[in-house]
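A closer look at the structure
Here are the chains, one letter per residue:
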Amino acid sequence: MSVTEYISIAIGAILINNFIFSQFLGCCPFLGCSSKVETASGMGLAVVFVMGLASAICYVVNEFILVPLGLAFLKTLAFILVIAALVQFVEMFLKKAVPSLYSALGIYLPLITTNCAVLGVVLLNVQNGYDFLGSVIYGITGGIGFLVAIVLFASVRERIQFSDYPECFEGFPICLISAGLVALAFMGFSGMKIF
Amino acid sequence: MNFKRQLKEGVITNNPILVQQLGMCATMAITTSLFNGVGMGLSVLIILTCCNVVVSAVRRFIPDQIRLAIFVVIIAGFVTIVDLLLQAYIPALSESLGVFIPLIVVNCIIIGRAEAFCQKNPVGPSFVDGITQGLGYTVVLIVMCVIREFLGSGRFGGGLIDAVKGFTLDGTGSGIQLFNAEYGASILTLPVGGFLTLGFIFAAMQAALKKAAKNKAERGDDEEEEEEDE
């Protein structure tokens, strides 16, 4: 794959096909962890980290273990195990080596196992036929797209606390409606052609 | 635990999407036509029921520390089975749901029910719980599909119902055109519409539950419950 293809993968993943706003991957943590900007950015950073690593490892697992053995149909099972183990290892490693980052990420690290953006990105890597570098770039930039979206949305939610809305919209519904409006803003990027 | 009460819990008072707020991603992503909604809902129902039965059958043998890993493996196994069956028998559905079929593995509803219900209950009630919770999920998906399809493009039953052929399973049905698609709010068929529609359904549900609770408190009896959809 050429450099221009890599760049278009990157920009596509961050802006045009943003994981949350156009593909709905990772909505649960997006809606659950976005009440404050700090927690949102912690979650976002953890996702960037794990998505990049998971893309690299799952590419290797798929290319050198599953495909040669003719077990490609087991990829869902294999990938979720890889992700669960990876998250566990990352947690142990950070606890030992970078305790400051570990305490900053806190509870969000184990939660990432069930973030469908992570499983989604590795499945999409296989589906789109990206090579190793392409997979890693897609993973990292997809994570950055998630980070951008969740931080933006957390700042919107901090504002909502002071606004006046109908009683029955309290809590979850108003979040969904405002997420819809943020998604509407992101739609401005759709149809943008790179190269 | 009788069936009727579990049914009411699954569909209304403890609905997986509208009350427990689980499994949002797929709910918003795939509800663009009735075909997708029914297909996804039934797939989740089947997987959820199978997983519930297996988890509650082996619940005494699972060590507590690694139970989540075991749940995930059980779920992933059933998801793979359903994924392959759909690819073989209903390829159109498998194509239009795409990556969201394998992603049922990380759908919080299934692992949530395994953790909250099947661990503590025997096989019978867990089986019923799978069916009722799956039905609750399917009902919300169908409501979302019908609203988005009707207001967005003026159609009903896209993919599933055909004006000429009647009922189809190959995803080619064009649906029944109720008004000209040009007059539809096409934004509802775009991703944004998923957020907005679900937000409004949530708000309606909250309003209905609140009203029901108020009525109940006024009357002082516990039998009736108001049912309001959309």
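The structure displayed is predicted, hence computed values, not measured ones. (Residues numbered from 1 in each chain as written. Chains lettered and ligands numbered in written order. Predicted model: local features only at pLDDT ≥ 70, side-chain atom pairs only at ≥ 80, totals over all residues. Heavy atoms only, no water.)

All right, on to the overall build of chain A then. Within chain A, the regular secondary structure consists of nine helices and zero strands. Start at the N end of chain A and walk to the C end: the helices and strands fall as α-α-α-α-α-α-α-α-α. Relative to the compact-globule value of 16 Å for 195 residues, chain A shows a C-alpha radius of gyration of 18 Å, a close match. Seen through its principal axes, chain A has C-alpha atoms that stretch 60 × 45 × 30 Å. Counting over 195 residues, chain A shows a buried share of 50%. (Helix = DSSP H or I, 4+ residues; strand = E, 2+ residues; numbered from the N terminus. Rg over C-alpha atoms; globule rule 2.2 N^0.38 Å. Buried < 20%, exposed > 50% of the residue type's maximum accessible area, 1.4 Å probe, protein only.)

Turning our eyes to something else, we now look at the confidence of the model for chain B. Residues and elements named next belong to chain B. Residue-level pLDDT values for chain B average 82, and 88% of them are 70 or greater. Per-element averaging of pLDDT across chain B places strand β3 (residues 166-167) at the bottom with 65 and helix α3 (residues 34-57) at the top with 91. Throughout residues 222-230 the model reports pLDDT below 50, and contacts reaching past four residues in sequence, or to other chains, amount to 19 contacts. Here the predicted complex carries an ipTM of 0.80, next to a pTM of 0.84. (pLDDT = per-residue confidence, 0-100. Contact = heavy atoms within 4.5 Å.)

What follows is about the interface of chain A and chain B. In many reports, interface size means the accessible area that the parts give up when they come together. Counting from both sides, the interface comprises 36 residues of chain A and, opposite them, 34 residues of chain B. For chain A, the biggest contributors to the area lost against chain B are A:F24, A:F172 and A:L176; these three give 21% of the whole. Counting every contact that joins chain A to chain B gives one salt bridge. Residues A:E167 and B:K210 are paired through a salt bridge, measuring 3.7 Å at the closest nitrogen-oxygen approach. Breaking the side of chain A that touches chain B down by element, the ones donating at least two residues are α2 (27-32), α4 (75-97), α7 (116-128) and α9 (172-186) of chain A. For the side of chain A that touches chain B, the element with the most residues is α9(A), which contributes eight residues. (Buried area = accessible area lost by both parts, 1.4 Å probe. Salt bridge = Lys/Arg side-chain N within 4 Å of Asp/Glu carboxyl O.)

Below, the discussion takes up α3(B). Helix length check: α3(B), at 24 residues, gives a terminal C-alpha distance of 34 Å against a target of 34 Å (1.5 Å per residue), a fit within 8%. With respect to burial, α3(B) is a largely interior element, 17 of its 24 residues being buried. (Expected span 1.5 Å × (residues − 1).)

The next point concerns the side chain of B:D129. All names here are of chain B. Checked against the element boundaries, D129 lands in helix α7 (residues 123-153). In this structure D129 comes out as buried when scored by relative accessible area, which is 3%. Reaching out from D129, the side chain makes a polar contact with the side chain of R113 at a distance of 2.9 Å. With residues up to four places along the chain from it excluded, the contact list for D129 reads Q6, N52, R113, F117 and G134. (Polar contact = N/O pair within 3.5 Å; in protein donor to acceptor, adjacent residues only side chain to side chain.)

Another aspect to go through is the state of the cysteines. If you walk through the whole model with that rule in mind, you get zero disulfides over all chains. As a non-bridged cysteine, B:C145 has A:C27 as the owner of its nearest cysteine sulfur, 16 Å distant. Since its relative accessible area comes to 0%, B:C145 is described here as buried. (Disulfide = S-S within 2.5 Å.)

A few words on the nonpolar core. Within the largest apolar cluster, 123 residues are counted, with the highest numbers of intra-cluster contacts made by A:F21, A:F30, A:L119, B:M24, B:M40, B:L103 and B:F195. Once residues within four sequence positions are removed from consideration, B:M40 is found in contact with B:A26, B:I30, B:L97, B:F100, B:I104, B:Y137 and B:L141. (Core = buried A, V, L, I, M, F, W, Y, C linked by side-chain atoms within 4.5 Å.)

With that out of the way, let us pick up the layout of surface pockets. When its volume is computed, the largest pocket comes out at roughly 960 Å³. As for the largest pocket, its lining consists of 33 residues, of which A:P110, A:L111, A:T113, A:T114 and B:L68 are closest to the centre. Residue assignment for the lining of the largest pocket shows that the elements contributing at least two residues are α2, α4 and α6 (108-111) of chain A together with α4 (67-89) and α6 (108-118) of chain B. For the lining of the largest pocket, a count of residues per class yields 21 nonpolar, eight polar and four charged. Approximately 330 Å³ is the volume attributed to the second largest pocket. (1 Å grid on protein atoms, 1.4 Å probe; cavity = no way out; pocket = protein on both sides within 12 Å on 5 of 7 lines; lining within 4 Å. Points joined across faces, edges and corners; volume = space filled by probe spheres on them. Nonpolar A, V, L, I, M, F, W, Y, C, P; charged D, E, K, R; others polar.)

The backbone of A:F24 shows a phi angle near 60 degrees, a positive value even though the residue is not glycine. Of note, A:F24 is situated in the loop between α1 (3-16) and α2.

Once that is clear, we can look at α4(B). For α4(B), which comprises 23 residues, the first-to-last C-alpha distance of 33 Å matches the rise-based estimate of 33 Å (1.5 Å per residue) to within 8%. For α4(B), the set of buried residues is B:R67, B:F71, B:V72, B:I74, B:I75, B:A76, B:F78, B:V79, B:T80, B:V82, B:D83 and B:L86. In this structure, the buried side of α4(B) is in contact with α4 of chain A together with α3, α5 (91-97) and α6 of chain B.

This next bit is on the packing of aromatic side chains. All names here are of chain A. Tallying each qualifying case throughout the model produces eleven aromatic pairs over all chains. Judged by centre distance (4.8 Å) and plane angle (45 degrees), the ring pair of F21 and F186 falls under tilted. With F21 in the loop between α1 and α2 and F186 in helix α9, this residue pair connects regions lying 165 residues apart in the sequence. Each member of the pair, F21 as well as F186, is classed as buried. Between F30 and F153 the ring centres are 4.7 Å apart and the planes differ by 25 degrees, which places this aromatic pair in the stacked class. Within this pair, whereas F30 is found in helix α2, its partner F153 is found in helix α8 (residues 132-160), the two being separated by 123 residues in sequence. (Phe/Tyr/Trp six-rings, centres within 6.5 Å; stacked < 30°, edge-to-face > 60°.)

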